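Listed below are the residues making up each chain.
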Amino acid sequence: MKINKTNVARLLDKAKVAYQLVPYEVDENDLSATHVADQLGENVAQVFKTLVLHGDKSGYFVCVIPGADEVDLKKAAKVSGNKSCEMIPVKELLPLTGYIRGGCSPIGMKKHFPTYIHHTAGQFDHIYVSAGQRGLQIRITPGDLIREARAEVAELTHEGVKSKY
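Worth saying up front: this structure is predicted, and the values here are computed from it rather than measured.

Student: Looking at this structure, how should I read unusual backbone geometry?
Tutor: Backbone geometry follows two general trends: most residues other than glycine have a negative phi, and most peptide bonds adopt the trans configuration. We note that Lys-16 has phi near 60°; this positive angle belongs to a residue other than glycine. Among the secondary structure elements, Lys-16 is positioned in the loop between helix H1 (7-14) and strand S1 (20-23). With a phi angle near 50°, Arg-150 is a residue other than glycine that sits in the positive phi range. Within the fold, Arg-150 resides in the loop between helix H5 (142-148) and strand S9 (151-154). According to the relative accessible area criterion, Arg-150 is exposed, its value standing at 55%.

Student: Where do I start with the packing of aromatic side chains in this structure?
Tutor: What describes a pair of aromatic rings is the distance from one ring centre to the other and the angle between the planes of the rings. Counted by the stated rule, this structure contains two aromatic pairs. For the pair Tyr-60 and Phe-113, a centre-to-centre distance of 5.8 Å together with 65° between the ring planes defines the contact as edge-to-face. Taken together, the residues Tyr-60 in strand S3 (residues 59-66) and Phe-113 in the loop between helix H4 (90-97) and strand S6 (115-118) connect sequence positions 53 residues apart. Accessibility expressed as a relative area gives 27% for Tyr-60, which makes it partly exposed. Residue classification places Phe-113 among the buried positions, given a relative accessible area of 5%.

Student: Can you walk me through the nonpolar core in this structure?
Tutor: Generally speaking, soluble globular proteins have nonpolar side chains that are buried together. Judged by nonpolar contacts, the single largest core of 30 residues is most densely connected at Leu-12, Val-52 and Ile-138. Counting only elements with at least two residues in this core, the list comes to H1, strand S2 (48-55), S3, H4, strand S7 (127-133) and strand S8 (136-140). Apart from the residues lying within four places of it in its own chain, the contact partners of Ile-138 are Val-8, Leu-12, Tyr-19, Gln-20, Leu-21, Ile-127, Tyr-128, Val-129, Ser-130 and Ala-131. Phe-61, Ile-65, Val-71 and Ala-77 belong to the second-largest nonpolar core, a separate cluster that totals 12 residues.

Student: Explain the sheet that holds S7 to me, please; I cannot follow it from the model alone.
Tutor: By definition, the strands of a sheet pair up through backbone hydrogen bonds, in either a parallel or an antiparallel sense. Strand order across the open sheet formed by three strands is S1-S8-S7, with antiparallel pairing between neighbours. In this open sheet, the two strands that pair with only one neighbour each are S1 and S7. Shown here is a sheet whose adjacent strand axes are inclined to one another by a mean of 35°, direction ignored. Relative to S8, H1 is tilted by about 25°, and along the sheet it contacts S1, S7 and S8.

About the thresholds
Residues numbered from 1 in each chain as written. Predicted model: local features only at pLDDT ≥ 70, side-chain atom pairs only at ≥ 80, totals over all residues. Heavy atoms only, no water. Helix = DSSP H or I, 4+ residues; strand = E, 2+ residues; numbered from the N terminus. Buried < 20%, exposed > 50% of the residue type's maximum accessible area, 1.4 Å probe, protein only. Phe/Tyr/Trp six-rings, centres within 6.5 Å; stacked < 30°, edge-to-face > 60°. Core = buried A, V, L, I, M, F, W, Y, C linked by side-chain atoms within 4.5 Å. Contact = heavy atoms within 4.5 Å. Pairing = 2+ DSSP bridges. Axes fitted to C-alpha atoms, helices over the stretch in contact; angles between N-to-C directions.

Shape is all these values report; function is a separate question.
This is the structure:
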């Protein structure tokens, strides 16, 4: 099966970053990272989801967190220099980033936003993030992702709280 390269893959090629494109079966009724991890046969702690938030001071920013976790809005606000923040409405995602829900990547958004990656990424040899479309993940080392997304490592989740998404 031929996998068409996404914009994310082209950007990583241009930067000479090693990665692997990994397809999975999409379930339109379950776009969760837990479903993706099950499809990949991987630990959900290694499958990261990309969330776009809006802060009261800085504007838009991105959090990349383990798939089963929930972002802690207080921690995200603090690390991004805001007093408060909130997830953006799904309808704003495509016009703002160029990506749809379930296919949002921290690499290759229409515009670069400050990006923060949860510190647990560094525990793994490789992690997975969206390749920029539903049904395709990028397997990449955390260091390469941090460099290419121009991200900072931070504590971003509620300890021990798992997401319903």
